Amino acid sequence: MNCGVRMGEYFCEKCKFWDDDISKQQYHCDGCGICRTGGQDNFFHCQHCDCCYSIMLRGNHSCVERAMHHNCPVCFEFLFESTKDISVLPCGHTLHMDCLKEMQLHFQFSCSVCSKSICDMSKVWEKLDQEVASTPMPEAYQNKMVWILCNDCGTTSEVRFHVLAHKCLNCKSYNTRQIRGGSSASNCTTSG
């Protein structure tokens, strides 16, 4: 039956979705199983991540299985059906773009899920090199060694203890965490 009344400028028969505002450039993604906005030519469906990403990320992102099928680690809104802009971090984890900006305003530069650095921190590491070099440790701590885990490369190493920071021997990142104490430097061949 055709009554001649148009219910909406956009209609998706699969989702049974009507919308009059076609400026959102709605399209249906069969991989996601839902309608998305932003224009089909601007997005691709990553089969491994099982979600749609900007074409700028095609072949240029770390795949994380079902990357957006969880809550944003900052605001806890479900990402897969969110209409807000999503950011894909270098590690492959996802969060809202506004949440990422809020994190950066609060000087949080590591992924809330895996703790890897979310941007190039080399200039910060250079500053930390200078700070560590200009801050001598008291004599009681000069030979203290500790084991660290690098959040960026996953390497564990035994390094010289410092109150400010511990530098990864492998990738030179200071995005590390102490995992246990170590021996004194005189008993160890590795120096940090």
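Quick notes on the rules
Residues numbered from 1 in each chain as written. Predicted model: local features only at pLDDT ≥ 70, side-chain atom pairs only at ≥ 80, totals over all residues. Heavy atoms only, no water. Core = buried A, V, L, I, M, F, W, Y, C linked by side-chain atoms within 4.5 Å. Buried < 20%, exposed > 50% of the residue type's maximum accessible area, 1.4 Å probe, protein only. Helix = DSSP H or I, 4+ residues; strand = E, 2+ residues; numbered from the N terminus. Contact = heavy atoms within 4.5 Å. Pairing = 2+ DSSP bridges. Polar contact = N/O pair within 3.5 Å; in protein donor to acceptor, adjacent residues only side chain to side chain. Arc of directions from axis to C-beta.

Caption draft 1: Representation of the nonpolar core in the model. If you look at the biggest cluster of nonpolar residues, it comprises 23 residues, and the most contacted ones within it are Cys 49, Cys 51, Tyr 53, Leu 89, Leu 95 and Ile 118. Counting residues per element, the ones that place at least two in this core are strand S3 (27-29), strand S5 (43-46), strand S6 (51-54) and helix H1 (97-105). Apart from the residues lying within four places of it in its own chain, the contact partners of Leu 95 are Cys 72, Pro 73, Val 74, Leu 79, Asp 85, Ile 86, Ser 87, Leu 89, Leu 100 and Met 103. The next biggest cluster of nonpolar side chains, apart from the first, holds five residues, and it includes Met 137, Val 146, Ile 148 and Val 159.

Caption draft 2: Spotlight on unusual backbone geometry. The backbone phi angle of Gln 25 is positive, close to 55°, even though this residue is not glycine. Along the chain, Gln 25 turns up in the loop between strand S2 (17-19) and S3.

Caption draft 3: Structural view of the pairing of strand S9 (residues 144-150). With five bridges connecting them, S9 and strand S10 (residues 156-160) associate as antiparallel partners. Counterpart to Ile 148 in the pairing with S10 is Ser 157. In this structure, the hairpin formed by S9 and S10 is closed by a connection of five residues, where Gly 154 is found at a positive phi of approximately 80°.

Caption draft 4: Structural view of the side chain of Asn 151. Structurally, Asn 151 can be placed in the loop between S9 and S10. Here the side chain of Asn 151 touches Arg 177 through a polar contact of 2.9 Å, side chain to side chain. Sequence-distant contacts of Asn 151, that is, excluding residues within four places in its chain, are made with Ser 115, Lys 116, Asn 175, Thr 176 and Arg 177.

Caption draft 5: Seen up close, H1. Residues of H1 that are buried include every one of Cys 99, Leu 100 and Met 103, and no others. Take H1 and look down its axis: the buried residues cluster within an arc of 100°, on one side only. Of the exposed residues in H1, those oriented more than 90 degrees away from the buried face are Asp 98 and Leu 105. Buried positions along H1 lie against strand S7 (86-88) and strand S8 (94-96). Among the residues trailing H1, Phe 107 stands out with phi positive, at a value near 60°.

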